[in-house]
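# Report on the structure
Okay, here's what each chain looks like letter by letter:
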Amino acid sequence: MKILKNFVLIMLLTFSFTNMIKAECDDKTISNLKLQASNIEINYEHVDDLYSEDFDLKIVNLFDVHVMGLTNEMYILVEHDSIVDTYEYSNVVEGVLKIEKVDGGQSLKIIVYSTECNEKLKTFNIAIPYYNSYYDSEQCTKYPDANVCNEFYEYEMTYEKFNKGISDYINKLNDNNEKNNQNNNLFSNIINFIIENFLYIIISLIIIAGTIVAIIVHKKRRELS
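Described in the following lines is the structure provided in the data block. (Residues numbered from 1 in each chain as written. Predicted model: local features only at pLDDT ≥ 70, side-chain atom pairs only at ≥ 80, totals over all residues. Heavy atoms only, no water.)

## Focus: the overall build of the protein chain
Stated precisely, the cut-off is as follows: A run of DSSP states H or I qualifies as a helix once it reaches four residues; a run of E qualifies as a strand once it reaches two. Both are numbered from the N-terminal end. Working definition: with a 1.4 Å probe on protein chains only, accessible area under 20% of the residue-type maximum means buried, over 50% means exposed, and in between means partly exposed. In this analysis, two residues are considered to be in contact whenever any of their non-hydrogen atoms come within 4.5 Å of each other. A 1.4 Å probe and the Shrake-Rupley method give the accessible areas. Residues count as covered only by the protein chains that appear here.
Scanning the protein chain from terminus to terminus reveals 6 helices and 9 strands. With 225 residues in all, the protein chain has 25% of them scored as buried. Look at the contacts in the protein chain between residues 6 or more apart in sequence, and 57% of them connect residues 24 or more apart. With the model as given, the accessible surface of the protein chain reaches about 16,800 Å², and the carbon-plus-sulfur share is 55%.

## Thoughts on a nonpolar patch on the surface
Stated precisely, the cut-off is as follows: For patches, a residue must show more than 30% relative accessible area and have no salt bridge; joins then use 9 Å for like charges and 5 Å for nonpolar side chains, namely Val, Leu, Ile, Met, Phe, Trp and Tyr. The working definition used for a salt bridge is a side-chain nitrogen of Lys or Arg within 4 Å of a carboxyl oxygen of Asp or Glu.
A contiguous nonpolar surface patch, about 450 Å² in accessible area, is contributed by Leu199, Tyr200, Ile203 and Ile207. Within the secondary structure, Tyr200 sits in helix α6 (residues 198-224). A residue is classified by how much of its surface remains accessible, and Tyr200, at 57% relative accessible area, is exposed.

## Observations regarding the pattern of salt bridges
Applying the stated rule across the entire model yields 1 salt bridge. A salt bridge links Lys164 to Asp168; the shortest N-O distance between them is 2.9 Å. With Lys164 and Asp168 both in helix α5 (residues 159-196) and 4 residues apart, the pair spans about one turn of that helix. Exposure remark for Asp168: the relative accessible area of 39% places this residue in the partly exposed category.

## Points about the state of the cysteines
When the sulfur atoms of two cysteines share a covalent bond, that bond is a disulfide. Filter applied, for reference: To count as a disulfide, a pair of cysteine sulfur atoms needs to be within 2.5 Å.
Taken as a whole, this structure holds 2 disulfides when the rule is applied. Two residues, Cys25 and Cys117, share a disulfide whose sulfurs are 2.0 Å apart. Sign of the S-S torsion, about -95° for the bond between Cys25 and Cys117, identifies this disulfide as left-handed. Taken together, the residues Cys25 in the loop between α1 (2-24) and α2 (27-37) and Cys117 in the loop between β6 (107-114) and β7 (120-127) connect sequence positions 92 residues apart. Comparing Cys25 with Cys117 shows no difference in burial state: the two are buried. Residue pairing for Cys140: its cysteine sulfur links by disulfide to Cys149, the two sulfurs lying 2.0 Å apart. Here the disulfide of Cys140 and Cys149 is left-handed, its torsion about the S-S bond being about -90°. In this pair, the class of Cys140 matches that of Cys149, namely buried. Of note for the protein chain: the bonded cysteines, numbered N- to C-terminal, pair according to 1-2, 3-4.

## A closer look at the environment of Ser31
Tracing the sequence through the fold places Ser31 in helix α2. Each C-alpha atom of the pair Ser31 and Leu121 lies 8.7 Å from the other, and the pair is 90 residues apart in sequence.

## Some words on unusual backbone geometry
Positive phi, normally seen in glycine, also occurs at Asp81, with a value near 50°. Note on placement: Asp81 falls in the loop between β3 (74-80) and β4 (83-87). For Asp81, a relative accessible area of 58% corresponds to the exposed category. The backbone of Ser82 sits at a positive phi, close to 65°, despite the residue not being glycine. For Ser82, the position within the fold is in the loop between β3 and β4. Ser82 gets classed as exposed once you look at its relative accessible area, which sits at 83%.

## Side note on the packing of aromatic side chains
The test is simple: Any two rings among Phe, Tyr and Trp, with Trp reduced to its six-membered ring, count as a pair given centres within 6.5 Å; such a pair is stacked if its planes are under 30 degrees apart, edge-to-face if over 60, and tilted if neither. Each ring is checked for a lysine NZ or an arginine CZ that lies within 6 Å of its centre and within 35 degrees of its normal; such an atom marks a charge sitting over the ring.
Evaluated as defined, the whole model comprises 7 aromatic pairs. Ring geometry for Tyr75 against Tyr113: centres 5.5 Å apart, planes inclined by 15°, an arrangement best described as stacked. Here Tyr113 lies in strand β6 and Tyr75 lies in strand β3, a separation of 38 residues in the sequence. Take Tyr75 and Tyr113: they sit in the same class, and that class is buried. Across from the ring centre of Phe124, 5.4 Å away, lies the NZ or CZ of Lys122, which sits over that ring.

## Notes on the nonpolar core
Counted only if it meets this: As used in this record, nonpolar core signifies buried Ala, Val, Leu, Ile, Met, Phe, Trp, Tyr and Cys residues forming a set joined through side-chain atoms within 4.5 Å.
Ile40, Ile76, Ile99, Ile110 and Val112 are the most contacted members of the largest nonpolar core, which has 27 residues in total. Of all the secondary-structure elements, those providing two or more residues to this core are α2, β2 (62-68), β3, β5 (96-103), β6 and β7. Sequence-distant contacts of Val112, that is, excluding residues within four places in its chain, are made with Ala37, Ile40, Leu70, Met74, Tyr75, Ile76, Glu119, Lys120, Leu121, Lys122 and Phe124. Core analysis: the second largest hydrophobic core is formed by 10 residues, Cys140, Tyr143, Tyr153 and Ile166 among them.

Pasting the structure below:
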């Protein structure tokens, strides 16, 4: 009989706890949490204060990811490279949850969950770019408008790609300069021709104009006679 009473008591407690969770996680609550999750903002910034005596691309290709708008009713899972990390509201500092030193070129899947209901609220897919280690090189200082001199890319900038990009840019500049020089030379030749033959051109114009006037006058006289 005592065992039966204990079983009934456990069932009542379980039923009460289930109902309490259900009340806390009803559709309205989930809807409000999803609305809050929609206000979450995520951005990233390049970590540019790292130093290595031996140049290492991995050192300069790191980013911090910032998650803003997380509340104490939420936590997040961050998936990348088959790894899943959990971050809770206790990790938030001054309103920002910082995911530090993420390798450039990675794709992060950030899933926001409800703490109480364990309900998925929102998913963010973030593509981290690659830092262009040649961004502040001497060539980019000289040719800042070259396509290979942007600070960030969706792909990794190699020496071969960079060198080819600079060469293509220089060749394009040279072609444009050559075309401009050809146009300038043509214009200069025309001007020089006019200056050198100005007197002959004026005389020719006077003769042509006089001939036209004579023809018109002659035609009018014939019409009047």
